[in-house]
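Observations on the three-dimensional arrangement
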Amino acid sequence: MLFPILQRDAELFENQVTQTNPDLRTLFGDYYGSIRTLFLTGGEPTLLPEFKLFLNSLIDSGAHKDIFVYISTNCTNINRELLTLLSQFKKIGINLSLDGMDEIAYIQRTPSNWKQIEKNVDLIYSWVNEYKQNNTVTSNNKPIVLINSVVTSMNLHHIVKF
């Protein structure tokens, strides 16, 4: 589930999305005005087609101007289009959930590709620098990027390198 909502609304959402209803405002429009912080986690939220639909729906409604959107991603599916969408929100947080490098990344998060993950992490950091250059950055809108790793016997030797 992309965000915490009532079970009744979750069932409505699943029914509407499976019928390919792109207008999520018909489902959650009543909530848009009260959303201030939005945590998008997974699985990997960027893999869901509804993910970008939901972000665009918030932007189209104007609610995005008051929302701190925080996404947790394994960096396998980050792209400029997504970062452009996120940059329209009041504040952005990105948690890079990385549990290993090279072949360990592949084993822990099959079918991830470490070279692509590295490119995507570089893209995120260059986007943050562009954001800072193109916007008046204060503590209220400064993008936050964190790296999170679950330590396991498979990746322990990589933690120091990482």
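The notes below deal with the structure included here. (Residues numbered from 1 in each chain as written. Predicted model: local features only at pLDDT ≥ 70, side-chain atom pairs only at ≥ 80, totals over all residues. Heavy atoms only, no water.)

1. Digging into the overall build of the protein chain
Applicable threshold: The secondary structure listing takes helices from DSSP runs of H or I that are at least 4 residues long and strands from runs of E that are at least 2 residues long, numbered from the N terminus. Think of it in three bands: with a 1.4 Å probe and only protein chains considered, a residue is buried below 20% of the maximum accessible area for its type, exposed above 50%, and partly exposed in between. Should any heavy atoms of two residues lie within 4.5 Å, those residues are counted as being in contact.
A tally of helices and strands in the protein chain yields seven helices and four strands. Helices (α) and strands (β) of the protein chain occur, in sequence order from the N terminus, as α-α-β-α-β-α-β-α-α-β-α. Expressed as a percentage of its 162 residues, the buried residues of the protein chain come to 41%. Here the contacts in the protein chain between residues at least 6 apart in sequence split such that 68% fall between residues at least 24 apart.

2. So, the sheet that holds strand 1 (residues 37-40)
To keep it simple, the criterion reads: Note on pairing: two strands pair once DSSP finds at least 2 bridges between them. Helix axes use the C-alpha atoms of the stretch in contact, all axes being lines fitted to C-alpha atoms, and the angles between their N-to-C directions lie in the range 0 to 180 degrees.
Taken together, four strands build an open sheet; the order of strands is 1-2-3-4 and the sheet is parallel. In this open sheet, the two edge strands, each paired with only one partner strand, are strand 1 and strand 4 (144-148). Strand-to-strand twist across the sheet, computed as the mean angle between neighbouring axes with direction ignored, equals 15°. In this structure, strand 3 (residues 91-97) lies alongside strand 4, joined through five bridges in parallel fashion. What sits directly across from Gly93, in strand 4, is Ile144.

3. Some words on the side chain of Ser97
When you line up the elements, Ser97 lands in strand 3. Accessibility expressed as a relative area gives 12% for Ser97, which makes it buried. Non-local contacts of Ser97, meaning those with residues more than four positions away in its chain, are made with Ser72, Thr73, Asn74, Arg109 and Asn148.

4. Structural notes on a nonpolar patch on the surface
So the rule is basically this: Residues form patches when they are more than 30% accessible in relative terms and have no salt bridge. Like charges link within 9 Å. Nonpolar side chains (Val, Leu, Ile, Met, Phe, Trp, Tyr) link within 5 Å. The accessible surface values rely on the Shrake-Rupley method and a 1.4 Å probe; as for residues, cover is taken only from the protein chains in view. In what follows, salt bridge is the name for a side-chain nitrogen of Lys or Arg lying within 4 Å of a carboxyl oxygen of Asp or Glu.
On the surface, Tyr106, Ile107 and Met154 cluster together to form a nonpolar patch covering roughly 280 Å² of accessible area. Within the secondary structure, Tyr106 is located in helix 5 (residues 102-108). Relative accessible area serves as the criterion here: at 43%, Tyr106 is assigned to the partly exposed category.

5. Digging into helix 3 (residues 49-61)
Operational definition: To estimate how far a helix should extend, the number of its residues minus one is multiplied by 1.5 Å.
Helix length check: helix 3, at 13 residues, gives a terminal C-alpha distance of 19 Å against a target of 18 Å (1.5 Å per residue), a fit within 8%. What helix 3 keeps buried is the set Glu50, Phe51, Phe54, Leu55, Ser57, Leu58 and Ile59. Following helix 3 by one or two positions, Gly62 has its phi on the positive side, about 90°.

6. Quick look at the environment of Gln88
Which entries qualify depends on this criterion: Contacts described as polar in this section are N or O atom pairs within 3.5 Å, which, within protein, must combine one atom able to donate a hydrogen with one able to accept it, while residues neighboring in sequence count only if both atoms come from side chains.
By the element assignment, Gln88 lies in the loop between helix 4 (80-86) and strand 3. Distance from Gln88 to His64, taken between C-alpha atoms, is 7.0 Å for residues 24 residues apart in sequence. Excluding residues within four positions of it along the chain, Gln88 makes contact with Ile59 and His64. Looking at Gln88, its side chain comes within polar contact range of the main-chain oxygen of Thr84, at 3.5 Å.

7. As for the packing of aromatic side chains
Heads up, the condition is: Stacked, edge-to-face and tilted are the three classes for Phe, Tyr and Trp ring pairs, Trp counted by its six-membered ring, which pair at centre distances within 6.5 Å; planes under 30 degrees apart are stacked, over 60 edge-to-face, the rest tilted.
By the definition in use, this model includes four aromatic pairs. When the centroid spacing of 6.3 Å and the interplanar angle of 70° are considered together, the rings of Tyr32 and Phe54 count as edge-to-face. With Tyr32 in helix 2 (residues 25-32) and Phe54 in helix 3, this pair connects stretches of sequence that are 22 residues apart. A single burial state applies to Tyr32 and to Phe54, both of which are buried. Consider the rings of Trp127 and Tyr131, whose centres lie 5.8 Å apart with planes at 45°: the pair is tilted.

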